[in-house]
Amino acid sequence: MNNTRYYHTASVLTNGKVLVTGGYNGVSYLKSAELYDPSTGLWNITGNMNYGRYYHTASVLTNGKVLVTGGYNGVSYLKSAELYDPSAGLWNITGNMNYARYHHTASVLTNGTVLVTGGYNGSYLKSAELYDPSIGLWNITGNLNYGRYYHTASVLTNGKVLVTGGYNGVSYLKSAELYDPSTGLWNITGNMNYGRYYHTASVLTNGKV
């Protein structure tokens, strides 16, 4: 890459290139973004984000744009969100989230909206909110049953979202819960066998996780 970074994001765009955004290099919180071209094996600089950030999320929307949310900039937890347009290589500010957060998750739902869950902003968040790309605004949806960060969120084949594990400032969580987009509510499901955070979750071809 052109810039050293960690705690950045990497997103596969609809044109097959990979967009890397933000992160930290030991000195500064980065605004920079770059594109990997699999056909050449090379990286090229693209437009800077408006805000330096790390521990943020990046989601490829159904229109091909990339939504970046939240994170940390060394001074404060961020509410800000911005959109990358691959056709122009530029970033535009979009509506702020209702809550600043980092170490959260962001999931593109089957209806094209983006569900952001949990995270940390000085407290361990139960809150969840939805981004509507058609208007560029966020709306609060049902709270998680447990505040958590460093958790995972997986969109299931039935359109529901499974959140697992994480940390709440006291313990590493076994709990799992399901978000139903049709009601905007969360329901507890079976606990994992082991409490964990910084874990991974993969939706398999048979629908299991």
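Heads up: the structure comes first, above all this text.
Residues numbered from 1 in each chain as written. Predicted model: local features only at pLDDT ≥ 70, side-chain atom pairs only at ≥ 80, totals over all residues. Heavy atoms only, no water.

Chemist: Can you walk me through the overall build of the chain in this structure?
Modeler: The number of helices and strands found in the chain is zero helices and 16 strands. In terms of overall size, the chain behaves like a compact globule, its C-alpha atoms giving a radius of gyration of 17 Å where 209 residues would be expected to give roughly 17 Å. With the C-alpha coordinates of the chain rotated into their principal frame, the extents come out at 45 × 35 × 30 Å. The buried share of the chain, taken over its 209 residues, is 48%. For the chain, long-range pairs separated by at least 24 residues make up 43% of all intrachain contacts whose partners lie at least 6 apart in sequence. Here the chain displays about 10,000 Å² of accessible surface, and carbon together with sulfur accounts for 48% of that area. For the chain, the distance from the average site of its 13 positive side-chain charges to the average site of its 8 negative ones is 9 Å. (Helix = DSSP H or I, 4+ residues; strand = E, 2+ residues; numbered from the N terminus. Rg over C-alpha atoms; globule rule 2.2 N^0.38 Å. Buried < 20%, exposed > 50% of the residue type's maximum accessible area, 1.4 Å probe, protein only. Contact = heavy atoms within 4.5 Å. Areas by Shrake-Rupley, 256 points an atom, 1.4 Å probe, with all protein chains shown as cover. Lys, Arg positive; Asp, Glu negative; His and termini not counted. Charge placed at Lys NZ, Arg CZ, Asp CG, Glu CD.)

Chemist: When you look at the environment of V203 in this model, what are you seeing that I'm missing?
Modeler: With respect to the element layout, V203 can be found in the segment after β16 (185-189). Once the C-alpha coordinates of V203 and K31 are considered, the two residues, 172 residues apart in sequence, prove to be 31 Å apart. Beyond its immediate chain neighbours, meaning those up to four positions away, V203 contacts S154, V155, K208 and V209.

Chemist: How do you make sense of the sheet that holds strand β1 (residues 9-12) when you look at a structure like this?
Modeler: Two modes of strand pairing occur in sheets, parallel and antiparallel, and in both the strands are linked by backbone hydrogen bonds. Sheet architecture is open: four strands sit in the order β1-β2-β3-β4, paired in antiparallel fashion. The sheet is open, and its two borders are formed by β1 and β4 (42-46), each paired with just one other strand. The mean angle between the axes of side-by-side strands here comes to 25°, regardless of whether they run parallel or antiparallel. As paired elements, β1 and strand β2 (residues 18-21) share four bridges and run antiparallel to each other. Directly across from A10, in β2, lies its bridge partner V20. (Pairing = 2+ DSSP bridges. Axes fitted to C-alpha atoms, helices over the stretch in contact; angles between N-to-C directions.)

Chemist: Would you take a moment to explain the pairing of strand β5 (residues 57-60) for this structure?
Modeler: As a general feature of sheets, a regular strand has side chains that alternate between the two faces. In β5, alternate side chains face the same way, and those of T57 and S59 are buried while those of A58 and V60 on the opposite face are not. Summarising the sheet, β5 and strand β6 (residues 66-69) pair through four bridges and their orientation is antiparallel. If you follow V60 over to β6, its bridge partner there is V66. The hairpin formed by β5 and β6 contains five residues between the paired strands, and G64 there has a positive phi angle of roughly 90°.

Chemist: Looking at this structure, how should I read the sheet that holds strand β7 (residues 81-85)?
Modeler: One open sheet holds the four strands; their spatial order is β5-β6-β7-β8, and the pairing between them is antiparallel. The outermost strands of the open sheet, each flanked by one partner alone, are β5 and β8 (90-94). For this sheet, the mean angle separating the axes of adjacent strands, direction not counted, is 25°. For β6 and β7, the ladder comprises four bridges, and the chain directions are antiparallel. Bridge pairing in β7 links V68 to E82.

Chemist: When you look at the packing of aromatic side chains in this model, what are you seeing that I'm missing?
Modeler: For any pair of aromatic rings, the description consists of the separation of the ring centres together with the inter-plane angle of the planes. Counting across every chain of the model gives 32 aromatic pairs. For the pair Y77 and Y102, a centre-to-centre distance of 5.1 Å together with 50° between the ring planes defines the contact as tilted. On the criterion of sequence distance, the pair formed by Y77 in the loop between β6 and β7 and Y102 in the loop between β8 and β9 (105-108) is long-range, its members being 25 residues apart. (Phe/Tyr/Trp six-rings, centres within 6.5 Å; stacked < 30°, edge-to-face > 60°.)

Chemist: Just to check I follow, could you spell out the side chain of T152 for this structure?
Modeler: Residue placement: T152 occurs in strand β13 (residues 152-155). Looking at T152, its side chain comes within polar contact range of the side chain of T164, at 2.6 Å. When sequence neighbours within four positions are dropped, the list of residues in contact with T152 reads T105, L162, V163, T164, H199, T200 and A201. (Polar contact = N/O pair within 3.5 Å; in protein donor to acceptor, adjacent residues only side chain to side chain.)

Chemist: What am I meant to see in the environment of V12 here?
Modeler: Among the secondary structure elements, V12 is positioned in strand β1. Among the residues examined, V12 registers a relative accessible area of 59% and is labelled exposed. When the C-alpha positions of V12 and I135 are compared, they lie 24 Å apart, and in sequence the two are 123 residues distant. Setting aside anything within four residues of it in sequence, one finds V12 in contact with K17, V18 and V60.

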